[in-house]
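Chain residues, written in single-letter form:
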There are 2 protein chains.
Amino acid sequence: MNRLPVAERREQLIEAALAVASRDGIDAATVRAVAAEAGVSLGVVHYCFQDKDELLRAMAHAITSANLERSMGELPPDVGVAAVIDGTIDALWDGIKESRGAQLLSYELTTSSLRHPELNQVAIEQYRGQWAAAEQVLRGVEQAAGVTFSVPLETLARTVVAVVDGYSLAWLVDGDEAKAREGMHGFGRFLLSTTVANPRDGLEQLLDTGDEALPA
Amino acid sequence: MNRLPVAERREQLIEAALAVASRDGIDAATVRAVAAEAGVSLGVVHYCFQDKDELLRAMAHAITSANLERSMGELPPDVGVAAVIDGTIDALWDGIKESRGAQLLSYELTTSSLRHPELNQVAIEQYRGQWAAAEQVLRGVEQAAGVTFSVPLETLARTVVAVVDGYSLAWLVDGDEAKAREGMHGFGRFLLSTTVANPRDGLEQLLDTGDEALPA
DNA sequence: GTCTATAGTTGGATAGAC
DNA sequence: GTCTATCCAACTATAGAC
């Protein structure tokens, strides 16, 4: 019906694909279903995208971009190391649990990418994005709490992603929010144990302690 | 060609399904492909299984059963806490990395189960099995090294599964064995920090230390 | 028990009218 | 740019011969 420039049409279709795939799974995101969701006819999709794979790739790219932007915006307030870590974990976890479908889709995309050569780059881009985002978050924690992690941020970021992935997957399976949150906060205490206070005014010493938070 | 009792035929078909799905992905495990892999014709599969879902459920069940049995057999030798933990992690990791396809299939099964009502129970059985297996392994570590974990085994088992899942997924994506192994051993040191020595001969004290291994 | 043949669906992709 | 109509491939499932 409506005549739109191709770029806008693509945006609309990507959003429709995201809606269908989040709600009904990646296999349900057929070209037909996406067209129906967007309220256009089959031909339109093939006009905007060369084939189904290009649509899926575009959808995946949209997800990772959104994730990255989201992680950039979150600068935690400075209220002591432990609180900063806990608050960051809570924010992260809230974001996950309020979008079950999207979270599940993320794993479906990863496995699909690992099986199908046409989606080759999707998984690695996904994870490069998540590792970068996690590193950014950790850097934010360092700055907000005035501490330094005694483990390289890159290594720590990988661990964060792995742990969040693992607990998220378990939560998707058994739906136990309490256990997931408990586990993540347990990991938070481990993170805390890898922090050392910054020698800000030349007062504190660099010691690898697992001590409680110190006021900033 | 060959006339086999139904039970054996089912075993054979399950094995064929496992082979196809591990090699080419869960979507490639069509009834046709499984029949071809097993060297029988299409009708035979439908004679042995009511429908495709029953075949997939049987396949999933075979996987979790195998996982459970495998974890039962591994009793680590007693060579000090740290070495026992490291050895257990190495054994676990070796098992994972030498079966990339099966590991990936495991995640595909989980996500499929979470999307399709017909496979409803598959994911939760999968994880109940893994949690039980992890708990068993932790119990084995306790016995072999003469220590006790200061965290409930059930909680710790969940964490083990989450961490292993997370690192495995990352490894599937980027193929970096070194980083995966490094991360898992880092987690091993965390595990070590939650152990307390048993008061075996009334000599040791119960202390929540992160000390090195003590000779048994 | 095992095979071939076929019915019935679904989905990707294209052609061509408007 | 958008729509309808259509082709073609792949799949599940069943019927019926052997």
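Values in this document were obtained by computation on a predicted structure and should not be read as measured data.

Account for the overall build of chain A, with residues named and values stated.
Helix and strand content of chain A: nine helices and two strands. Reading the secondary structure of chain A in the N-to-C direction produces α-α-α-α-α-α-α-β-α-α-β. Taken along its principal axes, the extent of the C-alpha atoms in chain A is 70 × 35 × 30 Å. Residues counted as buried form 46% of the 216 residues belonging to chain A. As displayed, chain A offers around 10,700 Å² of accessible surface, 53% of which is attributable to carbon and sulfur atoms. Taking the average place of the 18 positive charges on the side chains of chain A and the average place of its 32 negative ones, the gap between the two points comes to 8 Å.

Let's hear about the protein's contact with DNA strand C: which residues, and what values?
Around DNA strand C lies a shell of 18 residues, among which Val 31 and Arg 32 of chain A together with Asn 2, Arg 9 and Tyr 47 of chain B are the nearest. Taking the atoms of DNA strand C that fall within 4 Å of the protein, sugar and phosphate contribute 62% of them. In the model, a phosphate oxygen of DNA strand C is placed 2.2 Å from a nitrogen or oxygen of the Asn 2 of chain B main chain. At a separation of 3.1 Å, a base nitrogen of DNA strand C approaches a polar side-chain atom of Arg 3 of chain B. Listed by contribution, the elements that provide at least two residues to the surface near DNA strand C are α2 (31–38) and α3 (42–48) of chain A together with α1 (6–24) and α3 (42–48) of chain B. Counted by class, the surface near DNA strand C contains nine nonpolar, four polar and five charged residues.

Could you give an account of the environment of Leu 18 of chain B, naming the residues involved and the relevant values?
Along the polypeptide, Leu 18 of chain B turns up in helix α1. Separated by 142 residues in the primary sequence, Leu 18 of chain B and Val 160 of chain B place their C-alpha atoms 26 Å from one another.

I'd like a description of the packing of aromatic side chains, backed by residues and values.
In the structure shown here, the tally under the stated rule is seven aromatic pairs over all chains. Ring centres 5.2 Å apart and planes at 75 degrees place the aromatic pair Trp 93 of chain B and Trp 171 of chain B in the edge-to-face group. Note that Trp 93 of chain B is positioned in helix α5 (residues 81–97) and Trp 171 of chain B in helix α8 (residues 153–174), a separation of 78 residues in sequence. The pair formed by Trp 93 of chain B and Trp 171 of chain B is uniform in burial state, with each residue classed as buried. Site record: aromatic cluster; members linked through ring pairs are Phe 187 and Phe 190 of chain A together with Phe 187 and Phe 190 of chain B.

So, α2 of chain A: which residues are in play, and what are the values?
Residue and element names in this part refer to chain A. Buried within α2 we find Val 31, Val 34, Ala 35 and Ala 38. Viewed end-on, α2 has its buried residues packed into an arc of 100 degrees, placing them on one side of the element. Within α2, the exposed residues directed more than 90 degrees away from the buried face are Arg 32 and Ala 36. For α2, the secondary structure elements touched by its buried residues are α1 (6–24), α3 and α4 (52–73). One or two positions beyond α2, positive phi appears at Gly 39, with a value near 75 degrees.

Can you break down the environment of Thr 195 of chain B residue by residue, with the values?
Residues and elements named next belong to chain B. Residue position: Thr 195 is located in strand β2 (residues 195–197). Spatially, the C-alpha atoms of Thr 195 and Leu 153 are 11 Å apart, while their sequence positions differ by 42 residues. A distance of 2.6 Å separates the side chain of Thr 195 from the backbone oxygen of Leu 192, its partner in a polar contact.

Which residues make up the pattern of salt bridges, and what are the values?
The full count for this structure, using the stated rule, is 24 salt bridges over all chains. Between Arg 158 of chain A and Asp 174 of chain B there is a salt bridge whose closest N-O contact spans 2.8 Å. Of this pair, Arg 158 of chain A sits in helix α8 (residues 153–174) while Asp 174 of chain B sits in helix α8, placing the two residues on different chains. The residue Lys 179 of chain A makes a salt bridge to Asp 176 of chain A at a minimum N-O spacing of 3.3 Å. On the basis of relative accessible area, Asp 176 of chain A is assigned to the partly exposed category, the value being 21%. Here the residues in one salt-bridge network are Asp 90, Asp 94, Lys 97, Glu 177 and Arg 181 of chain A, joined through shared partners.

Describe the interface of chain A and chain B, naming the residues involved and giving the relevant values.
Facing the 39 residues of chain A at the interface are 39 residues of chain B. Summed over both partners, the interface of chain A with chain B buries about 3,100 Å², with 63% contributed by carbon and sulfur atoms. Broken down residue by residue, the surface that chain A buries against chain B is led by Arg 115, Arg 158 and Val 173 of chain A, which jointly contribute 24%. At the boundary of chain A and chain B, one finds six salt bridges.

With reference to specific residues and values, describe the side chain of Gln 103 of chain A.
Residues and elements named next belong to chain A. Mapped onto the elements, Gln 103 comes out in helix α6 (residues 100–115). Overall, the relative accessible area of 14% leaves Gln 103 in the buried class. Setting aside residues no more than four positions away along its own chain, Gln 103 makes contact with Ile 96, Ser 168 and Leu 172.

Go over the packing of α6 of chain A against α8 of chain A, please, and point to the residues and values.
Residue and element names in this part refer to chain A. At a minimum axis distance of 11 Å, the contact between α6 and α8 shows a crossing angle of 120 degrees. Considering the relative orientation of α6 and α8, their crossing is left-handed. Of α8, the residues touching α6 (which contributes Arg 100, Gln 103, Leu 104 and Tyr 107) are Val 164, Asp 165, Ser 168, Leu 169, Trp 171 and Leu 172. When the residues that make up the contact of α6 with α8 are grouped by side-chain class, the tally is six nonpolar, two polar and two charged.

I'd like a description of the relation of the copies chain A and chain B, backed by residues and values.
Between chain A and chain B, the superposition needs a rotation of 180 degrees and an axial shift of 0.0 Å, giving an RMSD of 0.0 Å. Both copies are brought into coincidence by an operation consistent with a two-fold rotation axis. Taking the C-alpha atom as reference, chain A places Gly 166 of chain A closest to the rotation axis, 2.3 Å from it. The share of interface residues of chain A whose copies in chain B are also at the interface is 100%, consistent with both copies meeting through the same surface.

Scoring rules and cut-offs
- Residues numbered from 1 in each chain as written.
- Chains lettered and ligands numbered in written order.
- Predicted model: local features only at pLDDT ≥ 70, side-chain atom pairs only at ≥ 80, totals over all residues.
- Heavy atoms only, no water.
- Helix = DSSP H or I, 4+ residues; strand = E, 2+ residues; numbered from the N terminus.
- Buried < 20%, exposed > 50% of the residue type's maximum accessible area, 1.4 Å probe, protein only.
- Areas by Shrake-Rupley, 256 points an atom, 1.4 Å probe, with all protein chains shown as cover.
- Lys, Arg positive; Asp, Glu negative; His and termini not counted.
- Charge placed at Lys NZ, Arg CZ, Asp CG, Glu CD.
- Near = heavy atom within 4 Å.
- Polar contact = N/O pair within 3.5 Å; in protein donor to acceptor, adjacent residues only side chain to side chain.
- Nonpolar A, V, L, I, M, F, W, Y, C, P; charged D, E, K, R; others polar.
- Phe/Tyr/Trp six-rings, centres within 6.5 Å; stacked < 30°, edge-to-face > 60°.
- Arc of directions from axis to C-beta.
- Contact = heavy atoms within 4.5 Å.
- Salt bridge = Lys/Arg side-chain N within 4 Å of Asp/Glu carboxyl O.
- Buried area = accessible area lost by both parts, 1.4 Å probe.
- Axes fitted to C-alpha atoms, helices over the stretch in contact; angles between N-to-C directions.
- Left-handed = near helix turned anticlockwise from the far one by under 90°.
- Least-squares fit on C-alpha atoms with pLDDT ≥ 70 in both.

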